[in-house]
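Analysis of the macromolecular model
Here are the chains, one letter per residue:
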Amino acid sequence: MSFSKLLDLLTGREAQRTAIDWDAKYGTDTRSTVELHGLTISHDSRRFGERYQASDPSALSDALAFVGLDPRSYRFVDLGCGKGRMLIVAAELGFKSCIGVEFADELAQTAKANAAAAGFDTISVVHGDAGAYAFQDEPFVLYLFNPFSHQIMQRVRDNLLKLRRAEYYVIYKNPRERRIFDEMQTLRYLGTPPAHKGVWGVHVWGPRGE
Ligand SMILES: C[S@@+](CC[C@H](N)C(=O)[O-])C[C@H]1O[C@@H](n2cnc3c(N)ncnc32)[C@H](O)[C@@H]1O
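Parameters and conventions
Numbering of residues starts from 1 in every chain and runs along the sequence as written. Given that this is a predicted model, residues contribute local features only at a pLDDT of at least 70 and side-chain atom pairs are listed and counted only at 80 or more, while totals for whole chains, interfaces and linings are drawn from all residues. The helix count covers DSSP runs of H or I at least four residues long, the strand count covers runs of E at least two residues long, and both are numbered beginning at the N terminus. Here the radius of gyration uses the C-alpha set of atoms, whereas the globule reference equals 2.2 Å times the residue count to the power 0.38. Exposed residues have 12 or fewer other C-beta atoms within 10 Å of their own C-beta, buried residues have 20 or more, and partly exposed residues fall in between, where C-beta atoms are placed from the backbone. Two residues qualify as being in contact provided that their C-beta atoms, derived from the backbone, are within 7 Å of each other. As used in this record, a residue near a molecule or strand is one whose C-beta atom, placed from the backbone, is within 6 Å of it. Residues are grouped as follows: Ala, Val, Leu, Ile, Met, Phe, Trp, Tyr, Cys and Pro are nonpolar; Asp, Glu, Lys and Arg are charged; every other residue, Gly included, is polar. As a per-residue quantity, pLDDT reports the predictor's confidence and falls between 0 and 100. Strand pairing is assigned whenever DSSP identifies at least 2 bridges connecting the two strands. A crossover counts as right-handed when, viewed with the strands pointing away from the observer, the path leading from the first strand over the helix to the second turns clockwise. Directions from the helix axis toward the C-beta atoms define the arc. UniProt positions are given in the numbering used here, feature names are shortened, and annotations may be inferred rather than shown by experiment. Convention adopted: a line fitted to C-alpha atoms gives each axis, helices being fitted over their contacting stretch, and angles between N-to-C directions are expressed from 0 to 180 degrees. The cut-offs work like this: below 35 degrees is roughly parallel, past 145 is roughly antiparallel, 65 to 115 is roughly perpendicular, and the gaps in between are oblique. Crossing handedness follows the turn of the near helix against the far one: under a right angle anticlockwise gives a left-handed crossing, and clockwise gives a right-handed one.

A few words now on the overall build of the protein. On a plain count of helices and strands, the protein comes out with 7 helices and 7 strands. Going from N to C terminus, the protein has its helices and strands arranged as α-α-α-β-α-β-α-β-β-α-β-α-β-β. Whereas a compact globule of 210 residues would reach a radius of gyration of roughly 17 Å, the protein reaches 16 Å, a difference of no more than 12%. Here the protein holds 210 residues, and the buried ones make up 37% of them. Intrachain contacts of the protein at a sequence separation of at least 6 include 69% that bridge at least 24 residues.

Let's shift gears to the site of the ligand. Residues in contact with the ligand amount to 27 residues; listed here are only the nearest, G49, S55, G80, G82 and F145. Looking at the shell around the ligand, the elements that each hand over two or more residues are α4 (85–93) and β2 (97–102). Tallied by class, the residues present in the shell around the ligand amount to 14 nonpolar, 8 polar and 5 charged.

Mean pLDDT over the protein works out to 91, with 90% of the residues at or above the 70 mark. Predicted confidence is poor over residues 8–13, with pLDDT under 50, and the contacts of this stretch with residues over four places away or in other chains come to 3 contacts.

The subject of this paragraph is the pairing of β2. Within β2, 5 of the 6 residues are buried, which leaves it mostly tucked inside the rest of the structure. One ladder, built from 5 bridges, connects strand β1 (residues 75–79) with β2; its direction is parallel. Of the residues in β2, the one forming a bridge with L79 is V101. In terms of strand pairing, β2 meets strand β3 (residues 123–127) through 5 bridges, oriented parallel. Note on β3: the bridge partner recorded for I99 is S124. After leaving β2, the chain enters helix α5 (residues 105–118) and then returns to the sheet as β3, a path that is right-handed.

Take unusual backbone geometry next. A positive phi angle is found at N146, which is not glycine, with a value near 25 degrees. Assignment of secondary structure puts N146 in the loop between β4 (140–145) and α6 (150–160). A positive phi angle, near 50 degrees, is found at N174, a position not held by glycine. By secondary structure assignment, the location of N174 is in the loop between β5 (168–173) and α7 (178–182).

Turning our eyes to something else, we now look at the environment of R51. For R51, the location among the structural elements is in the loop between α2 (13–26) and α3 (58–67). Classification of R51 by C-beta neighbours within 10 Å gives partly exposed; the count is 14. Put simply, R51 and P147 are 96 residues apart on the chain and 7.6 Å apart in space, counted from C-alpha to C-alpha. Apart from the residues within four sequence positions on either side, R51 is in contact with T33, V34, E35 and L36.

This part takes up α6. Along α6, the residues classified as buried are I152, M153 and V156. What you see down the axis of α6 is that its buried residues fit within an arc of 100 degrees, all on one side. As for α6, its buried residues are in contact with β1 and α7.

Mapped onto this structure's residue numbering, the UniProt feature "domain: Methyltransferase" (unreviewed entry) falls at residues 77–156. Summarising residues 77–156: 38% helix, 25% strand, and an end-to-end C-alpha distance of 12 Å.

Interaxial distance between α3 and α4 falls to 9 Å at its minimum, and their mutual angle equals 45 degrees. Classified by the angle between their axes, α3 and α4 sit oblique to one another. Crossing handedness for the pair α3 and α4: right-handed. Contacts between α3 and α4 involve L60, S61 and L64 on the former and, on the latter, M86, V89, A90 and L93. Taken together, the residues of the contact of α3 with α4 sort by class into 6 nonpolar, 1 polar and no charged.

Shown next as structure tokens:
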């Protein structure tokens with residue numbers, strides 16, 4: 001690896017360039033980080049939330065390739081979708097529908113505008129608390145990028161356990177609350193895509209029956 005490439009990786013310049021190219025393709029702005037303290041959030045769960053930071057689009061495509069999952073028969077759910085970048089990535093990959101849940105007014109509005117700019121009619125954005133999201137009994141992929149701490153993740157777990165069938169995968173980037181999924185009887189840890197290893201990387205769980 002050349003020195004300039006190494007410098008790009010260490011300083012994050014490479015990731016920034018990739019994000020600029022990705023936004024330019026869709027006429028969106030998803031890359032800039034946003035702290036929650038300046039945003040309008042009328043939910044008690046505010047204090048458990050993490051700031052907005054966008055995922056690398058390859059997190060999803062690499063995770064799907066890793067488990068060999070065909071997205072066309074799955075719904076995609078991003079809890080804490082922020083500006084909606086992963087909803088657009090999921091729609092582009094061919095998920096049959098893509099739902100994002102975001103509790104900050106400004107970010108939910110931006111996610112809606114970004115989805116409209118990208119032109120995918122399979123995307124919908126729910127402005128609300130992820131802990132209150134009721135999953136549907138149908139195959140889906142749950143995507144999480146370190147959105148909130150265990151108080152909310154436990155509610156998400158409880159909502160998952162209400163389903164009659166466990167036909168879902170969990171893709172979790174920077175999984176600070178991974179114990180919750182490791183301990184679920186309905187899930188089995190599948191591992192991490194090769195390009196996204198490490199504790200801050202992308203980790204995947206699938207149905208235990210598979
Ligand atoms: C690290 S960002 C991830 C953004 C997006 N999922 C992605 O990967 O590009 C976490 C997001 O979760 C949102 N969030 C935190 N707690 C939430 C909650 N209880 N309900 C809904 N959204 C929440 C934050 O506002 C922020 O936009």
